[in-house]
Amino acid sequence: AIELDPKYAKAYYRRATCYLQTLKYKQAIADFKKLLTLEPQNQLVRMQLDSTQKILRKVEFEKAIEMEEEKSAVERCCEIIAEGGCDVDKGYTGPVLPTNDEGKYAINAEFVRNMIQWFKEGKSIPRRYVWEIVLGAHSQFVKEESLVNVDIEDGMTIDVIGDVHGQFYDYLHLLSLTGEPNEKHALLMNGDLVDRGSWSIEVIVTALAFKWLYPTRMFINRGNHESKEMNRTYGFEGEAKHKFGEQTYKLFAHVFTEMPLATLVSATKPPEGPTKNVILSPEGRKRYFVVHGGLFSKDGVTLDDIRKIKRIGQQPGQEGIMFCRYQLLWTDPQELPGRGPSKRGVGIAFGPDVTKRWCTANGVTGVIRSHEVRQDGYSIEHDGLCTTVFSAPNYVDQAGNKGAFIRIDAAGSQQYTQFDAQPHPPVKPMAYASGGLASLLM
């Protein structure tokens, strides 16, 4: 449109908002400035330009600060705790995190259930408890490889949960359907727990509490929103700092880098029903590659390649070598064969032939991914080899979609459950988004 009419103001505005949504701040600023030369009295655009410039300055300042910091947020939080700088307020009357025989904080199911109820009532736990929960999950994530193996033993099931995006009251309803993790039942959250929804803290603290409590029955993959760039723009950074301070946000940001990038869910019993066209593991079992985004910009990537990715402390970014390494957090399926540009402006899209080649080469029955809204909560694509599951119903209070999760048993059979959005307190999505840009980023 701009090539046809260089003075078409709406085109510059639309391109600027696209750049903003994909975190390309400099390009967005250039288009906002061009628009102001065409419409110098447009105060809305002037305000959006000012907000975007502030975000860019903040990003560049924080990058400079990070270069100077040597200690990880985990180390710094532990130091602050040891110095007595993060004790529990004596006036706190909520759920009490238990201690063990050595006087160190521990966790149990009673505390987690009471904490969830406390959150549901709109109340907050002490910052110290948040740190202990995040550090407890950290102690488990650092033991896991970038590709986690989960074997579904006889009598066991695992539920794969898609994007939740800070929709805490929908997450609680979801947990009432899946049940808590236990010896015979595991949960696998497939990334994007935070951002957009305005109860991201409550969602992530609950999930990390379960990870600390049930480390071999609660699994969490990293999504593209478990990153600093996305958190800065889409609300989690603002929410974490508002509720618990800057050091707490830094702790979350570091622990997000420790989350595995994918999970290989493997049946242990022979598959039920015909298997003529089913891709099986070398052992003749069904297994599923669960990842937030999808497959890769080139063929030949193996499960071992993913397992060996060095992730801790790394931010994926939007381009360059780090983005290439983390593209599995961003990619989307497409109907056409081959690969093409992504409609979201970041990463690539992969076709059914790409999926079939990769699954065949790696002995994988199918790819389960999230990352995109589906009106029914899930969709089965690529001749059954690629399934999308999305677990944030009525996404950002606008989409009108259902949520869903997938239950997988020891034979690798899948069952899909849909659910509807639940009422929540009168707080809008993106309440903590950067610089008043929430309306542009919905």
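Higher on the page you've got the structure.
Residues numbered from 1 in each chain as written. Predicted model: local features only at pLDDT ≥ 70, side-chain atom pairs only at ≥ 80, totals over all residues. Heavy atoms only, no water.

(A) Region of the structure containing the overall build of the chain. Regarding its fold elements, the chain presents 15 helices and 14 strands. In terms of overall dimensions, the chain is globule-like: its C-alpha atoms have a radius of gyration of 22 Å, near the 22 Å expected for 442 residues. With the principal axes as the frame, the chain shows a C-alpha extent of 70 × 60 × 45 Å. Long-range contacts, defined as pairs at least 24 residues apart, comprise 72% of the intrachain contacts of the chain with a sequence gap of at least 6. With an accessible surface of roughly 19,400 Å², the chain has 50% of that area assigned to carbon and sulfur atoms. One way to put it: in the chain the 54 positive side-chain charges average out to a point 4 Å from where the 56 negative ones average out. (Helix = DSSP H or I, 4+ residues; strand = E, 2+ residues; numbered from the N terminus. Rg over C-alpha atoms; globule rule 2.2 N^0.38 Å. Contact = heavy atoms within 4.5 Å. Areas by Shrake-Rupley, 256 points an atom, 1.4 Å probe, with all protein chains shown as cover. Lys, Arg positive; Asp, Glu negative; His and termini not counted. Charge placed at Lys NZ, Arg CZ, Asp CG, Glu CD.)

(B) Fine view of the pattern of salt bridges. Scanning all chains against the criterion turns up 26 salt bridges. The residue Arg-307 makes a salt bridge to Asp-304 at a minimum N-O spacing of 2.6 Å. Of the two residues, Arg-307 and Asp-304 are both situated in helix α12 (residues 303-307); the distance of three residues between them amounts to about one turn of the helix. Residue Glu-372 is joined to Arg-369 by a salt bridge in which the shortest nitrogen-to-oxygen separation is 2.7 Å. Assessed through its relative accessible area of 8%, Glu-372 is described here as buried. Shared partners join several salt bridges into a network, and the residues in it are Asp-332, Lys-343, Arg-369, Glu-372, Arg-374 and Glu-381. (Salt bridge = Lys/Arg side-chain N within 4 Å of Asp/Glu carboxyl O. Buried < 20%, exposed > 50% of the residue type's maximum accessible area, 1.4 Å probe, protein only.)

(C) Representation of the environment of Ser-370. Within the secondary structure, Ser-370 sits in the loop between β10 (366-369) and β11 (378-381). Sequence separation between Ser-370 and Gly-293 is 77 residues, and the spatial gap between their C-alpha atoms is 6.1 Å. In contact with Ser-370, other than residues within four places in its own chain, are Gly-162, Asp-163, Asn-190, Val-291, His-292, Thr-388 and Val-389.

(D) Summary view of the packing of helix α5 (residues 109-120) against helix α8 (residues 200-213). Remark: α5 packs on α8, axes separated minimally by 10 Å, with the N-to-C direction vectors making an angle of 175°. Between α5 and α8, the interaxial angle falls into the category roughly antiparallel. Side by side, α5 and α8 meet where Ala-109, Val-112, Met-115, Ile-116 and Phe-119 of the first sit next to Glu-202, Val-205, Thr-206, Ala-209, Phe-210 and Leu-213 of the second. The class makeup of the residues in the contact of α5 with α8 is nine nonpolar, one polar and one charged. (Axes fitted to C-alpha atoms, helices over the stretch in contact; angles between N-to-C directions. Parallel < 35°, antiparallel > 145°, perpendicular 65-115°, else oblique. Nonpolar A, V, L, I, M, F, W, Y, C, P; charged D, E, K, R; others polar.)

(E) Structural context of the sheet that holds strand β12 (residues 386-389). Spatially, the six strands line up as an open sheet ordered β1-β5-β6-β10-β12-β11, and their pairing is mixed. Edge positions in the sheet fall to β1 (147-152) and β11, since each has one partner strand and no second. The sheet shows a mean angle of 20° between the axes of neighbouring strands, direction not considered. Against the sheet, helix α14 (residues 352-362) contacts β6 (287-291), β10 and β12, and its axis sits at roughly 115° relative to β10. (Pairing = 2+ DSSP bridges.)

(F) How the structure looks around empty space enclosed by the protein. Following the criterion strictly, the structure yields one cavity of 30 Å³ or more and no others. In this model, the largest cavity occupies a volume close to 120 Å³. Taken together, 16 residues line the largest cavity, and the ones lying closest to its centre are Gln-167, Asp-170, Trp-199, Asp-397 and His-424. (1 Å grid on protein atoms, 1.4 Å probe; cavity = no way out; pocket = protein on both sides within 12 Å on 5 of 7 lines; lining within 4 Å. Points joined across faces, edges and corners; volume = space filled by probe spheres on them.)

(G) Quick peek at the nonpolar core. With 61 residues, the main nonpolar core has Ile-125, Tyr-171, Ile-204, Val-205, Leu-208 and Phe-252 as its most contacted residues. A total of 10 residues in this core trace back to one element, the largest contributor, which is α8. For Phe-252, the residues in contact, after removing those within four places along its chain, are Val-130, Val-134, Ile-201, Ile-204, Val-205, Leu-208 and Phe-236. (Core = buried A, V, L, I, M, F, W, Y, C linked by side-chain atoms within 4.5 Å.)

(H) Structural detail: the sheet that holds strand β9 (residues 348-350). Read from one edge to the other, the open sheet built from three strands follows the order β7-β9-β8, with strand pairing classed as mixed. The outermost strands of the open sheet, each flanked by one partner alone, are β7 (332-333) and β8 (339-341). Alignment of β8 against β9, held across three bridges, turns out to be antiparallel. Bridge assignment links Gly-340 to a residue of β9, and that residue is Ala-349.

(I) Looking closely at helix α2 (residues 25-38). Helix length check: α2 (14 residues) gives 20 Å between terminal C-alpha atoms against 20 Å at 1.5 Å per residue, within 8%. Listed in full, the buried residues belonging to α2 are Tyr-25, Ala-28, Ile-29, Asp-31, Phe-32, Leu-35 and Leu-36. Around the axis of α2, the buried residues are gathered within 165° of arc, so they sit on the same side. Seen from the buried face of α2, the exposed residues on the opposite side, beyond 90 degrees, are Lys-26 and Thr-37. (Expected span 1.5 Å × (residues − 1). Arc of directions from axis to C-beta.)

(J) Spatial organisation of the layout of surface pockets. Volume-wise, the second largest pocket comes out at about 610 Å³. Sort the elements by how many residues they give to the lining of the second largest pocket and helix α1 (residues 9-21) lands first, with three residues.

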